[in-house]
Amino acid sequence: MAVRTKLPEAPALPLNQILAGDCIDVMRSLPEASVDLIFADPPYNLQLKGELHRPDNSRVDAVDDHWDQFSSFAAYDKFTRDWLAAARRLLKPNGAIWVIGSYHNIFRVGSALQDAGYWILNDVVWRKSNPMPNFRGKRLTNAHETMIWASKSEAAKYTFNYDALKALNEGVQMRSDWVLPICTGHERLKDANGDKAHPTQKPESLLHRVLVGSTNPGDVVLDPFFGTGTTGAVAKMLGRQFIGIEREDSYREAAAQRIARVRPYDASALETSGSKRAEPRVPFGQLVERGMLRPGEVLVGPRGSTAKVRADGTLVGDRMTGSIHQVGAHYEGAPSCNGWTYWHFKREGKMVPIDFLRQQIRAELGEH
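Residues numbered from 1 in each chain as written. Predicted model: local features only at pLDDT ≥ 70, side-chain atom pairs only at ≥ 80, totals over all residues. Heavy atoms only, no water.

1. Quick word on the nonpolar core
The nonpolar side chains of a soluble globular protein tend to be buried, and buried together. Residues W98, M147, W178, L206, V210 and L211 are the most contacted members of the largest nonpolar core, which totals 33 residues. Excluding residues within four positions of it along the chain, W98 makes contact with L37, I38, F39, A40, V124, M147, I148, W149, W178, V210 and S214. (Core = buried A, V, L, I, M, F, W, Y, C linked by side-chain atoms within 4.5 Å. Buried < 20%, exposed > 50% of the residue type's maximum accessible area, 1.4 Å probe, protein only. Contact = heavy atoms within 4.5 Å.)

This is the structure:
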C-alpha cells in the first residue's frame, strides 16, 4: 500500500505587518510570486563629506545615517543587485516595481533593474514644489527625484489604471512629471526631541498617486525600506494590503503608531475610473438581435442625417451601407467616427444615443 506524503504547507504571507531585519534576508524568506507591487525607497548613498550648514551657520538635518553609508560604488551596486533579485522573486508574473532615488543612485539602480530582467515602463520626475535650497550656492537646487516604474518582465500584463490617473489630473492624460510638495507640517513625523523621525519621509500624496495608478483594492504592496511607513499608511487608507520590512527599531515603532491611527476609506470610495478598453465588447448587431432596436428603425445623426437599421446589424444611409461607424464617417466626411455616440433613436419623444442600449447590456454582463 502506497503511503502518501503530506506536502508542507506554504508559509503564510505576513499581511499588514512590519517585519524586522535586513530586507534581503526577509524577502528571501517570503513565498515566491506572492506580491502585486513593490515600492522601494532604497538608501541613496549620498556620499556626504562633513556637515552641511545654512548661511546663518545652523546645521542642516541631512541624511548622514549609517544605513546610507557604503564603502564604495561596488559595494552599493552589489547591495542593489541583491535586493532587486530578492524583490523580483517575490513579484507575481504580472507584478511591477517602483524605485525612487536621487541623482546619487538612480542611474545605477536603473542599470541594475534592466540587468535583473525587469522591463522599464516609465521614469517619473517628482518635481518638488517646495525643495530645500542649495545653501552652498555651488550647484543647482536639487528640486526633483526620479522614480522608475518597471514590470517584472517585458511580457507582464501589469496593472495600469489609466482612466483613474486621468481623472486625478482633471481629465487630462497623466504626464511623467509630477509636481507635489515634500513632506512637511503635520504629516512630518517627529521623535521625542521634536526632530524628524526619518530624514527622507515621503509625502502621502506621492504614494497615493502610485497606488491608485498601479494597484487595485486588495492587492499586496511590499516596501522593503519601510522607514516610517508612508507606503503602509496609504495602502491601508486605499484598501490595499501591505508588507513592510525595516531593520531600524525607531522607524518600525514610529510606523506602527502611525498606521494604527489610519482609518481606511469606505469601500465605495475606493472605486476608480475603469478603462473603456476593459469593458465587455458589445457588437451593434446584438442590439438588433435582442429587439432593443428593430430592423427598419431610423437612427438620426447630430445634424439630421438618417440611416435605417438592417437585420444584420448594418445601417443603410444616403448612398452608403456599412457599420454604425462607417456610415457616420460617411456623413461627416471624416476618416473615422464613433457610431455609438453619433447615432440616436427616438423614445417617448426624446432622442437617445444608441450607446445607452450598449451600457444596459454591459451592466447585465457585469451582474453575471
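2. Some words on the pattern of salt bridges
Tallying each qualifying case throughout the model produces 15 salt bridges. Among the ionic pairs, K78 bridges to D82, the shortest N-O distance being 2.8 Å. Here K78 and its partner D82 are both found in helix α2 (residues 73–90), four residues apart, which amounts to about one turn of the helix. We note a salt bridge from R358 to D355, for which the minimum N-O separation is 2.7 Å. Linking R358 with D355, this pair stays in helix α11 (residues 355–367), spanning three residues, or about one helical turn. Classification of D355 by relative accessible area gives buried; the value is 17%. (Salt bridge = Lys/Arg side-chain N within 4 Å of Asp/Glu carboxyl O. Helix = DSSP H or I, 4+ residues; strand = E, 2+ residues; numbered from the N terminus.)

3. As for the packing of aromatic side chains
Scanning all chains against the criterion turns up 12 aromatic pairs. Measuring from centroid to centroid gives 5.4 Å for W149 and F160, while their planes differ by 55°, and the two rings are tilted. In this pair, W149 sits in strand β5 (residues 144–151) while F160 sits in the loop between β5 and α4 (162–168), placing the two residues 11 residues apart along the sequence. On the accessibility criterion, W149 (6% relative accessible area) is buried. What makes F160 partly exposed here is its relative accessible area of 38%. Within the aromatic cluster, the residues linked to one another by ring pairs are W98, W149, Y158, F160, Y162 and W178. For K128, the ring lying beneath its charged end belongs to W126, and the centroid distance is 5.1 Å. R209 extends its terminal NZ or CZ atom over the ring of W178, reaching a point 5.0 Å from the ring centre. (Phe/Tyr/Trp six-rings, centres within 6.5 Å; stacked < 30°, edge-to-face > 60°. Lys NZ or Arg CZ within 6 Å of the ring centre and 35° of its normal.)

4. What about unusual backbone geometry?
A positive phi angle, close to 55°, is found at N16, a residue other than glycine. Inspection of the secondary structure puts N16 in the segment before β1 (17–20). Positive phi, normally seen in glycine, also occurs at R319, with a value near 60°. As for its placement among the helices and strands, R319 is situated in the loop between β11 (315–317) and β12 (320–322). For R319, a relative accessible area of 73% puts it in the exposed group.

5. As for the side chain of K128
On the secondary structure map, K128 appears in strand β4 (residues 119–128). Residue classification places K128 among the buried positions, given a relative accessible area of 15%. Setting aside chain neighbours within four positions, we find K128 in contact with A143, H144, E145, L180 and I182.

6. Quick word on the sheet that holds β1
The strands making up a sheet associate through hydrogen bonds between their backbones, and the pairing can be parallel or antiparallel. Taken in spatial order, the eight strands make up an open sheet running β1-β8-β7-β2-β3-β5-β4-β6, and their pairing is mixed. Edge positions in the open sheet fall to β1 and β6 (177–180), since each of these has one partner strand only. Between one strand axis and the next, the sheet turns through 20° on average, direction left out of account. Examined bridge by bridge, β4 and β6 share four bridges and lie parallel to one another. Across the sheet, residue V125 finds its bridge partner in β6, namely D177. Contacts from α2 reach β2 (35–40), β3 (91–101) and β7 (220–223) within the one sheet, and its direction differs from that of β3 by about 145°. (Pairing = 2+ DSSP bridges. Axes fitted to C-alpha atoms, helices over the stretch in contact; angles between N-to-C directions.)

7. Overview of the packing of helix α6 (residues 230–237) against helix α7 (residues 249–260)
At their nearest, the axes of α6 and α7 sit 9 Å apart, and the two run at 15° to each other. The angle between α6 and α7 falls in the class roughly parallel. For α6 against α7, the interelement crossing comes out right-handed. Along its contact with α6, which presents T230, G232, A233 and K236, the element α7 presents R258, I259 and A260. By residue class, the composition of the contact of α6 with α7 is three nonpolar, two polar and two charged. (Parallel < 35°, antiparallel > 145°, perpendicular 65-115°, else oblique. Left-handed = near helix turned anticlockwise from the far one by under 90°. Nonpolar A, V, L, I, M, F, W, Y, C, P; charged D, E, K, R; others polar.)

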